[in-house]
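# Structural characterization, general
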Amino acid sequence: MKRLLISILILAGFSAHSSASLITNAYGRDYRLLNGRWDAIVDLYDQGDRMKVYENRSPEGNTDFYEYALKGGLRLEVPGDWNSQNPELKYYEGTVWYARSFEANPKPGMREILYFGAVSYRCNVYLNGKEIGKHEGGFTPFEIDVTDDLHKGENFLVVEVNNRRTKDAIPALAFDWWNYGGITRDVMLISVPDNYVENYFLRLDKDNHDTIRVDIGMSQPLAGVKVSVEIPSLGKRIEGTTDSSGKFSGSIKSGKLKLWAPEAPVLYDVKINGGEDEVSERIGFRDIRTDGTRILINGKPQFMRCVSFHEEIPQRMGRAFSKADAVMLLNEARDLGVNMIRLAHYPQNEYTVRMAEEMGIVLWQEIPIWQGIDFTDATTRSKAQNMLTEMINRDKNRCAVGFWGVANETKPSAERDDFLMSLLETGRALDTTRLYTAAFDLVEFDKERQLFSMNDPFTENLDVVAVNKYMGWYHPWPLTPAESVWDVTPDKPLIISEFGGEALYGQSGSRDVTSSWSEDYQARLYEDNIRMFDNIPNLAGVSPWILFDFRSPFRFHPTNQEGWNRKGLVSDRGQRKKAWNLMHNYYMKKKQEYEK
Ligand code: GCU
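Keep in mind the model is a prediction, meaning the values are calculated, not measured.

Moving on to the site of the ligand. The ligand sits among 14 residues. The nearest are D176, H345, E409, Y474 and E498. A distance of 2.5 Å separates an oxygen atom of the ligand from a polar side-chain atom of E498. In this structure, N565 approaches the ligand through a side-chain N or O atom, which is 2.9 Å from an oxygen atom. For the ligand, the protein covers 95% of the area, taking 320 Å² as the surface of the free molecule. In the shell around the ligand, the residues fall into five nonpolar, four polar and five charged.

Shown next as structure tokens:
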């Protein structure tokens, strides 16, 4: 009978290392980092598989030899993209083999989980010469239970990373940011009890603000396991036992809670116990919802003073990955006067998310369904659902995350609507405590009605509609800004999720000439757009594109761009442009207006 079961599991593609599970709060566990300088081989023609590089063989007799060695060659920092570490890899798109050895001392009764914060874009993972897992998606974490493959003493880990763009990928063949490749976030080995608190979700009850909803999932489907959640500062605790699937759901009557809000980002120390396992972290409780055309946080109307940034440290010309990187990006955003950041166009690292939460900055996180996605491909759809699930599972306890974005500038079609609807269903099955949105670039000037409108029925499925509109850059003004009135999804909150134009820092020129690429023109463009915002009755927030100049492979102008998208309010070297002051003043005015 057992043999039959095993063969069924193998047939069903079951692997001992299912990547479907994702441990909640990896950084709050008993972990060690496997960061540092790894050995690497650049494999442009994907020959490493044939050569079985992952077996890491070295010659024994007089006649054998190997045309590779995972020692003594190229070294790459992990975490980090390869593009910014080696000039020859600046434009590289292909396979790089990463390898390192590490000592392990697995304890009986414990499980060992290998956890990757992100690998861009796809990878196969080998431990001690055996393939143990794979993952696709450059911006979400994944894990592999390596308990059964880990050796006591030395282990050899190989990760085959590939960042080639493909039609069925997410993002697909062309996107306006650098295609960084590599093991771009932390790598950890996490030790947990055999039956551990695999996931949990704590949040304010949407209808009772003195109640906290609790869901806990143990890693094993065992009934009767003792679980508890304690919030010491409230003197509150709930305990219970798991059901036959290893899950527990309950609620804590918390009494008067100090709710998290941008102006008061209160977080509570929380302890979650399950079986032998204990996890602690800081969690905030808040309610975000819409009411007609308004966005409310804890019942208070908010104007979302937003800005976007890519996960890039421009000065280092590389992907951001560390706490220090998060400090730099978030402080520059805070100085602008924001209460929200759109983490464009993909989930960013946990340091940024957790630090924004401590700072009281609301976050919009999205998966990179960016422009040309193949909505007809069922595999692409399941990839998108998986990415959305991984993003939500990683950050569902992060009260700063207020918005889940499911698309950016997609074109209307039945396939697109069906694809995005499946994402909204996937998201809402996991989390109904956040607002679902998407950014569209379909607002047109209606000559007959002499106003700006949009026709995309899919917007009816969203809580908040977002529009990217580059008046004065990609679109000349059909009227003066003061005459430019909008009538776009008038019954829903509308966020201008992108607007702006390019300027080379330090370049002066005419306020009337777009191609001057001057700070003067960019400033005038901001003046005009800010003036137009007053004519959008359901405007609930704006977000300039973008905080920093960022690298893009299709910004070719030899003097104004040189491979940089110059729409930043801040240059690639951290210098604020004239338009920065206009945006800052506008946000100070809006802050005053809403905090009266
Ligand atoms: C689009 C897109 C951005 C892009 C921007 C631009 O709206 O969403 O990712 O960088 O336009 O053209 O600069």
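All right, on to the sheet that holds strand β15 (residues 247-253) then. The sheet built from three strands is open, its strands ordered β11-β12-β15 with antiparallel pairing. In this open sheet, the two edge strands, each paired with only one partner strand, are β11 (197-204) and β15. Direction aside, the axes of adjacent strands within the sheet are offset by 15° on average. Bridge count for strand β12 (residues 211-218) against β15 is seven bridges, and the pairing is antiparallel. Across the sheet, I212 pairs through a bridge with I252, a residue of β15.

Counted according to the given criterion, the structure contains 55 salt bridges. A salt bridge links D168 to K383; its shortest N-O distance comes to 3.2 Å. With a gap of 215 residues between them, D168 in the loop between β9 (153-162) and β10 (187-193) and K383 in helix α4 (residues 378-395) connect regions that are remote in the sequence. You can call K383 buried: its relative accessible area is 14%. The partner of E350 in a salt bridge is R354, with the nearest N and O atoms 3.1 Å apart. A residue pair is termed a helical-turn pair when its members lie 3 or 4 positions apart in one helix, as E350 and R354 do in helix α3 (residues 350-359) at four residues. One network of salt bridges, in which partners are shared, links E281, E350, R354, E357 and R398.

What follows covers the side chain of R203. The residue R203 is located in strand β11 in this model. Residue classification places R203 among the buried positions, given a relative accessible area of 13%. Of the polar contacts made by the side chain of R203, one reaches the side chain of D215; its length is 2.7 Å.

Of all hydrophobic cores here, the largest spans 101 residues; its most connected members are I341, I369, F403, W486, F533, V542 and M583. With six residues, helix α6 (residues 519-533) is the single largest residue contributor to this core. When neighbours within four sequence positions are excluded, F403 is seen to be in contact with I288, I295, M304, M340, V362, L363, W364, Q365, L435, T437, V464 and I495.

Next up on the list: unusual backbone geometry. Note that the residue after S120, namely Y121, is joined by a cis bond; omega there is 20°. The residue Y121 is located in the loop between β5 (110-116) and β6 (122-127) in this model. The omega torsion across I170 and P171 is 5°, close enough to zero to call that bond cis. If you trace the backbone, P171 turns up in the loop between β9 and β10. Its identity is not glycine, yet N298 carries a phi of approximately 55°, on the positive side. For N298, the location among the structural elements is in the loop between β19 (294-297) and β20 (300-302). A relative accessible area of 22% means that N298 is categorised as partly exposed. One non-glycine residue, W517, adopts positive backbone phi at about 50°.

Right, let's talk about empty space enclosed by the protein for a bit. Counted under the stated rule, the structure contains five cavities of 30 Å³ or more. The wall of the largest cavity is formed by 16 residues, among which R203, L204, R286, T433 and R434 lie closest to the centre. It is β11 that contributes the most residues to the lining of the largest cavity, four residues altogether. The residue makeup of the lining of the largest cavity, split by class, is six nonpolar, three polar and seven charged. Of the volumes computed, that of the second largest cavity is approximately 100 Å³. Lining of the second largest cavity is provided by 15 residues; of these, S120, Y121, P171, F175 and N179 occupy positions nearest its centre. Residues of the lining of the second largest cavity, tallied by class, amount to eight nonpolar, four polar and three charged.

Relative to each other, α4 and helix α5 (residues 414-430) sit at 30°, their axes nearing to 10 Å. Considered as vectors, α4 and α5 are oriented roughly parallel to each other. Once α4 is placed against α5, the crossing between them reads as right-handed. On α5, the residues touching T380, R381, A384, Q385, L388, T389, I392 and N393 of α4 are D418, F419, S422, L423, T426, G427 and L430. Residue composition of the contact of α4 with α5, by class: six nonpolar, seven polar and two charged.

What counts and how
Residues numbered from 1 in each chain as written. Predicted model: local features only at pLDDT ≥ 70, side-chain atom pairs only at ≥ 80, totals over all residues. Heavy atoms only, no water. Near = heavy atom within 4 Å. Polar contact = N/O pair within 3.5 Å; in protein donor to acceptor, adjacent residues only side chain to side chain. Areas by Shrake-Rupley, 256 points an atom, 1.4 Å probe, with all protein chains shown as cover. Nonpolar A, V, L, I, M, F, W, Y, C, P; charged D, E, K, R; others polar. Pairing = 2+ DSSP bridges. Helix = DSSP H or I, 4+ residues; strand = E, 2+ residues; numbered from the N terminus. Axes fitted to C-alpha atoms, helices over the stretch in contact; angles between N-to-C directions. Salt bridge = Lys/Arg side-chain N within 4 Å of Asp/Glu carboxyl O. Buried < 20%, exposed > 50% of the residue type's maximum accessible area, 1.4 Å probe, protein only. Core = buried A, V, L, I, M, F, W, Y, C linked by side-chain atoms within 4.5 Å. Contact = heavy atoms within 4.5 Å. 1 Å grid on protein atoms, 1.4 Å probe; cavity = no way out; pocket = protein on both sides within 12 Å on 5 of 7 lines; lining within 4 Å. Points joined across faces, edges and corners; volume = space filled by probe spheres on them. Parallel < 35°, antiparallel > 145°, perpendicular 65-115°, else oblique. Left-handed = near helix turned anticlockwise from the far one by under 90°.

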